[in-house]
Amino acid sequence: MPEPIEKRLAALPTMSKAELCDLWKHLFHSDPSSGLRRDLMIPILAYRIQEQAFGSLGARARERLRQLSLAFEKGSDSAVIGVPEFAQERDWFVSGGIRFTW
């Protein structure tokens with residue numbers, strides 16, 4: 001039986017760079033970029049684990065993220081209309097207790 005997703009996510013921050021690279025190879029079927037830092041590998045791997053467990057984003061969600069990204073690059077808030085207030089504060093959480101803020 002596979003390990004529960006919560007345990008897999010919680011283990012990521014405790015893994016060495018070599019272990020993260022091995023996991024990367026397993027999840028993406030390719031080597032990670034040689035310049036990819038350990039602290040950036042963790043959220044990418046966490047997303048991939050969740051994606052495999054629960055499925056990827058739908059086409060509508062991907063399109064909305066693309067719109068928000070373009071607006072962010074232009075420095076515009078126009079695409080943010082309708083986004084819940086908590087998201088506008090730019091605090092995002094991923095299961096497993098990993099918090100991402102920018």
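On a predicted model such as this, the values are computed, not experimentally measured, just so you know.

**Student:** How should the overall build of the chain be read in this particular structure?
**Tutor:** In terms of regular secondary structure, the chain is built from five helices and two strands. Reading the helices (α) and strands (β) of the chain from amino to carboxyl end gives α-α-α-α-α-β-β. Counting the 102 residues in the chain, one finds 22% classified as buried. Pairs at least 24 apart in sequence give 33% of the contacts found in the chain among residues at least 6 apart. Looking at the chain as shown, the accessible area adds up to about 7,500 Å², and 58% of this sits on carbon and sulfur atoms.

**Student:** Which parts of the structure should I look at to understand helix H4 (residues 59–74)?
**Tutor:** Side chains three or four residues apart in an α-helix point the same way, a direct result of the helix having 3.6 residues per turn. In this model H4 runs 23 Å from its N-terminal to its C-terminal C-alpha over 16 residues, within 8% of the 22 Å that 1.5 Å per residue would give. Positive phi appears at glycine 75, one or two residues downstream of H4, with a value of about 75°.

**Student:** Explain helix H3 (residues 38–54) to me, please; I cannot follow it from the model alone.
**Tutor:** With 17 residues, H3 ought to run about 24 Å at 1.5 Å a step, and its terminal C-alpha atoms sit 24 Å apart, in line with that. Regarding H3, the residues found buried are Met41, Ile42, Leu45, Ala46, Ile49 and Gln50. With its buried residues spanning 160° around the axis, H3 presents them on a single face. The first or second residue beyond H3 is glycine 55, which carries a positive phi of 100°.

What counts as what
Residues numbered from 1 in each chain as written. Predicted model: local features only at pLDDT ≥ 70, side-chain atom pairs only at ≥ 80, totals over all residues. Heavy atoms only, no water. Helix = DSSP H or I, 4+ residues; strand = E, 2+ residues; numbered from the N terminus. Buried < 20%, exposed > 50% of the residue type's maximum accessible area, 1.4 Å probe, protein only. Contact = heavy atoms within 4.5 Å. Areas by Shrake-Rupley, 256 points an atom, 1.4 Å probe, with all protein chains shown as cover. Expected span 1.5 Å × (residues − 1). Arc of directions from axis to C-beta.

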